[in-house]
Amino acid sequence: MEGIICTTPPGLEDISSMEVKELTGERPKERPFGLRGRIMLKEGGIDRAWKLIRESRSLHRVSLLLSQGSVSRGREGLSEIRELSAVASDFLSPHDTFAIRARRIGKHEYTSLDIGREAGEEIKKKSGAKVNLDNPSVAIGVEVIGEKCLVTIELTGDLSLHRRGYRVYDHPSSLKPSIAHCMLRILDPEEESRIVDPMCGGGTIPIEASLLSMNLRIWGMEKYEKHIRGAILNSYAAGVRDKIKFVVWDATKLDEFREEFDYSAVNPPYGIRIARKKIIPKLYEDFFYALEKVGLKRLCLITTERNLVRNLCSGFGLKIGEERWIMNGNLKVCLFLVNFT
Ligand SMILES: C[S@@+](CC[C@H](N)C(=O)[O-])C[C@H]1O[C@@H](n2cnc3c(N)ncnc32)[C@H](O)[C@@H]1O
C-alpha cells in the first residue's frame, strides 16, 4: 500500500495536517498533486487509517492509496487506468459489492463515466465481486488529475466524518463541525480559560470546544430560544451537556453579561441563509463594540463579510493575526483571527 489520502475542509489543510501529525507522528504533505482540501501520508497501513477515522476531528474522508501512475489524456489512457485499477480486486471477494467513485480534473478525451466503467469492468472480472452503486460494501476511488491517476479504497465510504452523530437538531445555517474544530485550534485557548460563542445556533462550536482535550469553561449564547433548545439537545447527544453553559442572550449586549471571557469563536449570520443582508453591518458593529469590553484576548470569526470585518478591526484598532479563505460546503468564507490585546 502506498499511503493514506485524507480530505479536509479546503483552506484548512495545514490545521488538519497538525492534527494528523499528533495522531500518527508523521507530518502529511499538504495539497498533494495540487489538490485543494487533501493531505497525504507517505506511510500507509490500515491501523493508521482506522486511528485517523476514530480520532480525528478535522478530517472528512480517509482513503488508502493502492496505486498511482501516469496516464495519457487521450482515449488510450483508459486502458492504463484499467491496469492501475486492477490492484483493488485484491481487496474484494466474490461475496462483496463495490462501486467506483470516479473523478477527473483537467482535459481528457474521456469522461469520469468512462473511467468508472473501465475500472469497474476490470475489478469485476478479476475479483468476481458485484457492482452496487447505491450501497456498496467497498467504495473504490479512481481519480485522474491531469496525467496522474490515483486508485484508493475510500474507507469512510460515501459518508464524510464531519457528519457527527450528535447533530440531532439541525440548525438552518450550521457550521461544519470539522471547521469548528479547526477554528478552535487556530484560536488556541489556554487550559482553564473562558471561551464563548455568542451566536452559537445549534451549538457546534461550544460542543467541539468541549470535545477538545482541555479544561475549558465554555459558554454558548444565542438570541433565539428554539436554537438554544436545539443546542442543548445536541450537547446531550454529544455527551457533553455538563461541560457547556447555554444561555439565551443578545450578542450585542455581551458586555452586560455577568462574566468576562478570554476567547471567543463565532460564526455570525451572513445575511444569506438567515437574517436580512441590511441588518448585518449594524449587528457586526454592535457586536464588536460589546466584544471590546469583555476582556477578550483573541477572537476567531468566520464570515462572508470580509471587508466589513476588516473595516471594523481597523476602526476599533484591533490587529488581524490571520486571515484566510476557506470553504464551508459550497460557500466561500473568510476566517479571521483577531487579537484584542
Ligand atoms: C450562522 S448561525 C450559527 C450557526 C452555528 N455555528 C451552528 O453550527 O449551528 C448564526 C446564529 O446567530 C444568531 N444570532 C443572530 N443575531 C444574534 C444576536 N444579536 N445575539 C445572539 N445570537 C444572534 C442566529 O439566530 C443564528 O442562530
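The rules behind these values
Residues numbered from 1 in each chain as written. Predicted model: local features only at pLDDT ≥ 70, side-chain atom pairs only at ≥ 80, totals over all residues. Helix = DSSP H or I, 4+ residues; strand = E, 2+ residues; numbered from the N terminus. Buried ≥ 20, exposed ≤ 12 C-beta atoms within 10 Å, placed from the backbone. Contact = placed C-beta atoms within 7 Å. Pairing = 2+ DSSP bridges. Axes fitted to C-alpha atoms, helices over the stretch in contact; angles between N-to-C directions. Domains from an automatic or database assignment. Nonpolar A, V, L, I, M, F, W, Y, C, P; charged D, E, K, R; others polar. Core = buried A, V, L, I, M, F, W, Y, C linked by C-beta atoms within 7 Å. Parallel < 35°, antiparallel > 145°, perpendicular 65-115°, else oblique. Left-handed = near helix turned anticlockwise from the far one by under 90°. Near = placed C-beta within 6 Å.

### Observations regarding the overall build of the protein
Part 1 of the reasoning: Assigned secondary structure in the protein consists of nine helices and 15 strands.
Part 2 of the reasoning: Projected onto its principal axes, the C-alpha coordinates of the protein cover approximately 70 × 40 × 35 Å.
Part 3 of the reasoning: Of all 341 residues assigned to the protein, the portion counted as buried reaches 44%.
Part 4 of the reasoning: Contacts spanning at least 24 positions in sequence make up 74% of the contacts within the protein whose residues lie at least 6 apart.

### Here we look at the sheet that holds strand β13 (residues 298–303)
Part 1 of the reasoning: Across the sheet, which stays open at both edges, the seven strands sit in the order β11-β10-β9-β12-β13-β15-β14 with mixed pairing between neighbours. Two strands in the sheet have a free side with no partner beyond their single neighbour: β11 (244–248) and β14 (319–328). The sheet shows a mean angle of 15 degrees between the axes of neighbouring strands, direction not considered.
Part 2 of the reasoning: Note: strand β12 (residues 263–266) against β13, four bridges, orientation parallel. In the sheet register, V266 faces β13, and the bridge partner there is L301.
Part 3 of the reasoning: Packing of helix α5 (residues 177–187) onto the sheet brings it into contact with β12, β13, β14 and β15 (331–339), and relative to β13 it is tilted by some 150 degrees.
Part 4 of the reasoning: Each of β13, β14 and β15 is contacted by helix α9 (residues 306–316), which is oriented at about 10 degrees to β15, the strand it contacts most.

### Considering the domain arrangement of the protein
Part 1 of the reasoning: Domain annotation for the protein reports domain 1 (3–154) and domain 2 (177–339).
Part 2 of the reasoning: Here domain 1 and domain 2 have C-alpha centroids that lie 35 Å from each other.
Part 3 of the reasoning: Taken residue by residue, the interface counts 10 residues in domain 1 and 12 residues in domain 2.
Part 4 of the reasoning: The residue inventory of the side of domain 1 that touches domain 2, partitioned by class, reads six nonpolar, three polar and one charged.

### Regarding the pairing of strand β9 (residues 194–197)
Part 1 of the reasoning: Here four bridges tie β9 to strand β10 (residues 217–222), and the two strands are oriented parallel to one another. Within the sheet, the bridge partner assigned to V196 lies in β10 and is W219.
Part 2 of the reasoning: As paired elements, β9 and β12 share two bridges and run parallel to each other. Residue pairing across strands places I195 opposite Y263, the latter belonging to β12.

### Thoughts on the nonpolar core
Part 1 of the reasoning: I179, M183, I195, I205, A265, L301 and L335 are the most contacted members of the largest nonpolar core, which has 46 residues in total.
Part 2 of the reasoning: Looking at which element gives the most residues to this core, the answer is α5, with five residues.
Part 3 of the reasoning: Not counting residues up to four positions away in its chain, the partners in contact with I179 are P9, L12, I326 and N328.
Part 4 of the reasoning: V20, V62, L78 and L84 belong to the second-largest nonpolar core, a separate cluster that totals 38 residues.

### Brief notes about the sheet that holds strand β3 (residues 38–41)
Part 1 of the reasoning: Across the sheet, which stays open at both edges, the eight strands sit in the order β2-β3-β1-β4-β8-β7-β5-β6 with mixed pairing between neighbours. The sheet is open, and its two borders are formed by β2 (29–30) and β6 (130–131), each paired with just one other strand.
Part 2 of the reasoning: Its contacts with the sheet put helix α3 (residues 77–85) on β4 (61–70), β7 (138–145) and β8 (148–154), and the angle it makes with β8 is roughly 35 degrees.
Part 3 of the reasoning: Running at roughly 145 degrees to strand β5 (residues 97–105), helix α4 (residues 112–127) makes contact with β5, β6 and β7 of the sheet.

### Examining the environment of R258
Part 1 of the reasoning: Here R258 is to be found in the loop between β11 and β12.
Part 2 of the reasoning: Considered as a pair, R258 and V294 are 36 residues apart in the sequence and their alpha carbons are 9.9 Å apart.

### Overview of the packing of α3 against α4
Part 1 of the reasoning: Close contact between α3 and α4 brings their axes to 8 Å; oriented N to C, the two are set at 45 degrees. When the axes of α3 and α4 are compared, the pair comes out oblique. Here α3 runs over α4; the crossing is right-handed. Touching L78, I81, R82 and S85 of α3 are D114, I115, E118, A119, E122 and I123, all from α4.
Part 2 of the reasoning: Considered class by class, the residues forming the contact of α3 with α4 number five nonpolar, one polar and four charged.

### A closer look at the packing of α5 against helix α6 (residues 204–211)
Part 1 of the reasoning: Contact geometry of α5 with α6 gives a least axis separation of 9 Å together with a crossing angle of 60 degrees. It follows from the interaxial angle that α5 and α6 lie oblique. Crossing hand, α5 versus α6: right-handed. Seen from α5, the contacting residues are P177, A180, H181, M183 and L184; seen from α6, they are T204, I205, E208 and A209.
Part 2 of the reasoning: Counted by class, the contact of α5 with α6 contains six nonpolar, two polar and one charged residues.

### Some words on the site of the ligand
Part 1 of the reasoning: In the vicinity of the ligand lie 24 residues, with M199, G201, G202, T204 and A251 positioned nearest.
Part 2 of the reasoning: Among the elements of the structure, α6 and β10 are those that each provide at least two residues to the shell around the ligand.

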